[in-house]
Amino acid sequence: MANDSFAANVRAKRARLVSTVLQYALAAIVVVVVVFPVYWMIISSLKTSEELLRPVPSLWPAEFRWRNYSDALAMAPFGKYFFNTLVMTMGIMSLQLVIGSFAAYGFSKGRFPGRDALFVVVLGALMIPIQVTFVPIYGMVAKLHWINTFAGLIVPHAVSAYMIFMLRQTFKSVDDSFLEAARLEGMGRIGIIFKILVPMCKPTMLTVGIISFIDGWNSYFWPKMVTTTPFRRTIAQGVYELKRSYAGLETMNQNQIMAGAVMAVVPIIVLFVVLQKYILSGFSKAASK
Amino acid sequence: MKANGNAITGRRGASHRKREKAKDFLCVAPALAFFAVFVYYPLVDLFRIGFTNWNLIRDDYKYVGLKNYKWLFKGSGFDTWLASLKVTFSYTFWEIVITLAGGMLLAALFNRESKAFSAMRSIVFMPKYIAISTSAIVFMWILNDQYGFLNFVMGIFGKEPVAWLNSERTALTSVLILTGWRVVGYGMMIYLSAMKGISKDYYEAAELDGANAFLRFRHITLPLLSPTTLFLFVTTFIASMKVFQSIDVMTSGGPYESTNVMVYWIYDLAFVQFRVDRAAVVASVFFVILLAFTAATMKISNKSVHYES
Amino acid sequence: MRMKSGIRFAVSALLIGAAVCANAQDAKKYEVTAPIKIEWWHALEAQYAPLVEKVVADFERKNPMIDVEAIYQGSYKDLNEKLIAAQAAGTTLPAVTVANTPYIAEYGASGVCEVLDPYIKATRFDIGDFGAGLRTASSYDGKQVSLPFLISTQIMFYNKDMADAEKIKLPETWAEMDAFMKKASKVSDGATQRYATVFPGWDQWYYETFFLNNGVKIVNKDGETTDLGDAKAVAVAQKLKQWCDDKAAYWAYGKDASGVMRQNFMDGKAFSVIHTTSLYNMYATNCKFKVGMHYLPGNTSRDSEIGGCVLLIPRKNSQAVKNAGWQLISYLTGKDVNMLWARETGYMPTRNSVTKTAEGKAFLAEKPAFKAVFDNLDHINPRIQHPAYTALSKVWMQELAKVIIEGGDVKAAMKKAATLIDEALQD
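Here the focus is the overall build of chain A. Helix and strand content of chain A: 14 helices and zero strands. In sequence order, the secondary structure elements of chain A are arranged as α-α-α-α-α-α-α-α-α-α-α-α-α-α. Expected size for 289 residues packed as a compact globule is a radius of gyration near 19 Å; at 25 Å, chain A overshoots this value by more than 25%. The principal-axis extent of the C-alpha atoms belonging to chain A is close to 85 × 70 × 30 Å. Within chain A, buried positions represent 48% of all 289 residues.

So this is what it looks like as structure tokens:
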């Protein structure tokens, strides 16, 4: 009897061990596949042109050519592009969060006629890509003399329908009694939004803030159109431009193009690693709402 | 709310309520004003342009009635339109499949509490952060017919090199490879966080009832994740129908329009072919299609989603 | 209004014969009187950056009132996008921009460009020094809406070392192409070790001449139909497909096709490539072998077409900006700058006073490969101008690439292309 249960125990342990090992192995494979493009980008950026074009590609550069980076920097001012992108992205994110919080409050807790009909108007905005409506928008921005300015880069993205949608869902889940209590203490709307709702929905706020940051960082079409000089160009354009400017010699200059890509990607990866605790905890609570 | 309502009564109460309503409205006013200026005015303008013969650079144009609509529905635009719709929907279908099924599978695989797994989860999620235009350039290099790494690997397994981005058979797949790389970790993250929210009691009860892992997944996890699935479905649907960047960088809608998704076609009509009038009609019709599909999705799913509470 | 009166003025001035007196007054009208900062948009990639810098610095030294910012806007396509966005908005236009030659028809028809005839007249710019073909290529509807800047034509680049070693005869006629494909390619067991040539399938301009020289009318006289669906055109397309099917050549297509094609040539995986003369220096410096240029074979005719870019001044600019733009444009298209460019790149000398004189001979002594071009100067024609040409080229390029690469019936494909093109031309 004792023996039997012991054997069963061992078997169960072994089964659990096998499944654990299997889980680690499968997960590791997935990780390798996901990391590979980034790895390939980095090592391609360090190879010589000759090594880059070998019929059998090498997994580790035979000779590190750091000059690719200075060459890429000579072609496009990545520092400047990085600064522009950061300012633009931060601007978009803050405006979206502030205006979005107000709107989400109005659409979830506010009471005014036509509230739900107007919310449909917001949702409708989700469905219209800027590539479609960009001609009139460009006209307005140009008339305001906002071409090549941060205002031109930021304002047309200052409100996100997606964010209002997300925040409204979350604000809705907050019990009205909290708001009542605050109101009885004489708190106004701004207080209620920023002292009650926002702190209570911190994970969602973090998540939508991050999504907004990613979208801003990734935005490509509008910055490309609204900047006609390198003065306010952003980093996503910078890499593409670098590729273009090799004028058909991209193949042998892939190393420098990849160097440009590394410079565009590394800051965002560093930011991600630093903030990952907040980022992941934000996602873990917000998404299921 | 009721207590408050009773406390304030009479005429003062009515005007107070009016003022409160106005204040509530003021909260949404900035956002609404923004949408009016940056979304709906351009949209109305777009509908208007659809009835003209404007080419975007001429100062003058005429109203031509339904000519552009005839071109789209009865003229030479029809075949391209159908093809473009097909490409757009098939791209969207696969992006949704990758996000939902891939995300769910990875969530099951990575659902383990340990430092190593937490690190690995972060890594799998990371591609979402990398600008599409940048990763597209990296993938173009990996997918290059002659010097790309992928064809080299295929060669090891004795396969002929594939003209990934340059053949109509594989171009959409190639773009989807990039998409998959970007979104699968995101789907996983969203599902994982939802799974954490499911109470352990359900599983313990089910285990006592003798339900195996598959049954537990099928009857507990899956239904309880349905709000998350709906969320992912709707947001992925809307985003992927509007796909543009990866197409613009990797294929320009080609080869032979095999990746000519709707937004890219609209853009191409307006800026390459000087036909903003036609672009406006395509865009208007596309907007209506998107609206109808999203409304239908919301309606159907409202009935079939399980909410925990 | 302004351009109309300008032309009327120019015409009447001619009639009266008081041009000198009028010019003195007119020239004043186009003078730059106050310091001004202007933008010049171009599509000249990094390899040309030192030249652009030098030219702009020289110009600023000679015109201290004008401060020029030269801005690289990406490819011709990217540049077109930005230009039409700015044109639609009516602001933020550059003082001067380059434009790929096929865009001129659409720009001219839509009133994007300032008509330059009054400026030319008033400042006595020597427009006559450009060949007739170049003047046509930069005009629309008889009006000079731009000036020729960097001009090239279609050409075959070949590996001279291979040609000499293997005694490969370059094709002079369309009929000799079959023999050339056999001789210059190396194919064994259905795999190609070396292509005889590569066709740039990503842009119809490169192979357009094969059709034209076989007597195909791409746009008929009526301006509303094409002969691309007819027997002659189908025969040409079938030949092109056959060489690619035999793996003696390949049809370069897709976004990276241009880069890969060049790399193949440099690596000796292709005996020759069909490309544009402007890239001569690029090939010459990057290849470890001698690079030759060969004028494309002909049949009923042996012509090629003008490619490259022109310079124009957007009409919606203020007069002050236009005046400064005119200074820049006339400087950039002048003989000295042109010759500088011709020496340093593969763009061609544009001036009769060079090509038809001893200067031309001196240039040839410096760049003997350009003999292929100089021998044929009279056969380099303007491209077909039609506002629907961009639409036409897209349809044609796609259908032809599809049938050659993916397979199918050439006749049906060309018929389909012709139907779509007819519709585009008529609209």
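On we go from here.
Of regular secondary structure, chain C possesses 20 helices and 14 strands. For 427 residues, the compact-globule formula gives about 22 Å, and the C-alpha radius of gyration of chain C, at 23 Å, lands near that figure. The principal-axis extent of the C-alpha atoms belonging to chain C is close to 75 × 45 × 40 Å. Residues counted as buried form 50% of the 427 residues belonging to chain C. Within chain C, contacts between residues at least 6 apart in sequence are counted, and of these 78% link residues at least 24 apart.

Our focus in this paragraph is the packing of helix α11 (residues 231-245) of chain C against helix α20 (residues 410-426) of chain C. Residues and elements named next belong to chain C. Put simply, α11 and α20 touch, their axes get as near as 9 Å, and they point 125° apart. The angle between α11 and α20 places the two elements in the oblique class. Regarding α11 and α20, the two cross each other, and that crossing is right-handed. Between α11 and α20, the residues in contact are Ala233, Val234, Ala237, Gln238 and Lys241 and Val410, Lys411 and Met414, respectively. Its residues assigned to classes, the contact of α11 with α20 shows five nonpolar, one polar and two charged.

Let us look at the domain arrangement of chain A. We note that the domain assignment places domain 1 (2-44) and domain 2 (67-286) within chain A. Centre-to-centre, using C-alpha coordinates, domain 1 of chain A lies 38 Å away from domain 2 of chain A.

At the interface, 21 residues of chain A touch 19 residues of chain C. Counting residues per element, the ones that place at least two in the side of chain A that touches chain C are α6 (130-143) and α13 (235-245) of chain A. Examining the composition of the side of chain A that touches chain C, we find that five residues originate from one element, α6(A), more than from any other.

Moving on, we get to the confidence of the model for chain A. Predicted confidence across chain A gives a mean pLDDT of 86, with 95% of residues reaching 70 or more. Mean pLDDT across the secondary structure elements of chain A bottoms out at helix α14 (residues 254-286) of chain A, with 79, and peaks at helix α7 (residues 150-154) of chain A, with 94.

Residue and element names in this part refer to chain C. In this structure, Val321 sits in helix α14 (residues 319-332). For the pair Val321 and Glu39, spaced 282 residues apart in sequence, the C-alpha to C-alpha distance is 9.4 Å. Among all residues touching Val321, those that are not within four sequence positions of it are Ile36, Ile38 and Ala95.

Glancing now at the confidence of the model for chain C. Residue and element names in this part refer to chain C. The pLDDT averaged across chain C works out to 88; a share of 94% of its residues lies at or above 70. Predicted confidence in chain C is weakest over helix α1 (residues 2-16), with a mean pLDDT of 50, and strongest over strand β9 (residues 197-200), with 96. Below a pLDDT of 50 lies the segment residues 13-21, which in the model reaches four contacts outside its immediate sequence neighbourhood of four places, other chains included. Scored by ipTM, the complex comes to 0.84, with pTM at 0.86.

Once that is clear, we can look at the interface of chain B and chain A. When the parts of a complex come together, some accessible area is lost, and that lost area is often taken as the interface size. Counting residues at the interface gives 73 residues for chain B and 70 residues for chain A. Per-element tally for the side of chain B that touches chain A: the top contributor is helix α2 (residues 10-49) of chain B, with 18 residues. In terms of residue class, the side of chain B that touches chain A is built from 54 nonpolar, 11 polar and eight charged.

Before going further, it helps to examine the domain arrangement of chain C. Residues and elements named next belong to chain C. Split into domains, chain C comes out as domain 1 (2-151 + 308-366) and domain 2 (153-306 + 376-426). The straight-line distance from the C-alpha centre of domain 1 to that of domain 2 is 31 Å. In this complex, domain 1 contributes 21 residues to the contact, which on the side of domain 2 involves 17 residues. Elements represented by at least two residues in the side of domain 1 that touches domain 2 include exactly α5 (103-110), α7 (132-137) and β6 (147-159). Partitioned by chemical class, the residues of the side of domain 1 that touches domain 2 number 11 nonpolar, eight polar and two charged.

Counted at 1.5 Å a residue, the expected span for helix α11 (residues 226-241) of chain B with its 16 residues is 22 Å, and the 22 Å between its end C-alpha atoms agrees. Among the residues making up α11(B), those that are buried are B:Thr228, B:Thr229, B:Phe231, B:Leu232, B:Thr236, B:Ile238, B:Ser240 and B:Met241.

All names here are of chain C. When strand β1 (residues 36-42) meets strand β2 (residues 66-72), the two strands line up parallel, connected through seven bridges. Among the inter-strand pairings, Ile38 is bridged to a residue of β2, identified as Val68. The parallel pair β1 and β2 is bridged by helix α3 (residues 49-62), and the resulting crossover is right-handed.

All right, on to the environment of A:Phe78 then. Residues and elements named next belong to chain A. Residue position: Phe78 is located in helix α4 (residues 78-108). For Phe78, a count of 22 C-beta atoms within 10 Å gives the class buried. Put simply, Phe78 and Ser101 are 23 residues apart on the chain and 34 Å apart in space, counted from C-alpha to C-alpha. Apart from the residues within four sequence positions on either side, Phe78 is in contact with Leu73, Ile235, Gly238, Gly260 and Met263.

We now examine the packing of helix α4 (residues 77-110) of chain B against helix α8 (residues 171-196) of chain B. All names here are of chain B. Packing of α4 against α8 leaves a shortest axis separation of 6 Å and a crossing angle of 45°. On the basis of the axis angle, α4 is oblique to α8. In the crossing of α4 with α8, the sense of the turn from one axis to the other is right-handed. Looking at the contact of α4 with α8 residue by residue, the classes come out as 19 nonpolar, seven polar and one charged.

What follows is about unusual backbone geometry. Most peptide bonds adopt trans geometry, and most residues besides glycine take a negative phi value. At B:Phe274, a position not held by glycine, the phi torsion is positive, near 55°. Look at C:Asp141: it is not a glycine, yet its phi comes out positive at around 55°. Among the structural elements, C:Asp141 can be located in the loop between β4 (139-140) and β5 (143-144).

The next point concerns the pairing of β6(C). All names here are of chain C. Extensive coverage of β6 is indicated by the burial of 13 of its 13 residues. Here β6 runs beside strand β13 (residues 304-312); their pairing, made up of six bridges, is antiparallel. Opposite Leu150, over in β13, you have Cys309 as the bridge partner. As judged from the five bridges shared by β6 and strand β11 (residues 272-276), these two strands associate in the antiparallel manner. Counterpart to Tyr158 in the pairing with β11 is Ser272. Summarising the sheet, β6 and strand β12 (residues 291-294) pair through four bridges and their orientation is antiparallel.

To continue, consider helix α5 (residues 115-125) of chain B. Residues that lie three or four places apart on an α-helix share one face, since the helix turns once every 3.6 residues. Residue and element names in this part refer to chain B. Within α5, the full set of buried residues consists of Met120, Arg121, Val124 and Phe125. Looking straight down α5, one finds its buried side chains confined to an arc of 135°; they lie on one side. For α5, the exposed residues lying more than 90 degrees away from the buried face are Lys115, Ala116 and Ala119.

What counts and what doesn't
- Residues numbered from 1 in each chain as written.
- Chains lettered and ligands numbered in written order.
- Predicted model: local features only at pLDDT ≥ 70, side-chain atom pairs only at ≥ 80, totals over all residues.
- Helix = DSSP H or I, 4+ residues; strand = E, 2+ residues; numbered from the N terminus.
- Rg over C-alpha atoms; globule rule 2.2 N^0.38 Å.
- Buried ≥ 20, exposed ≤ 12 C-beta atoms within 10 Å, placed from the backbone.
- Contact = placed C-beta atoms within 7 Å.
- Axes fitted to C-alpha atoms, helices over the stretch in contact; angles between N-to-C directions.
- Parallel < 35°, antiparallel > 145°, perpendicular 65-115°, else oblique.
- Left-handed = near helix turned anticlockwise from the far one by under 90°.
- Nonpolar A, V, L, I, M, F, W, Y, C, P; charged D, E, K, R; others polar.
- Domains from an automatic or database assignment.
- pLDDT = per-residue confidence, 0-100.
- Expected span 1.5 Å × (residues − 1).
- Pairing = 2+ DSSP bridges.
- Right-handed = clockwise from strand over helix to strand, strands pointing away.
- Arc of directions from axis to C-beta.

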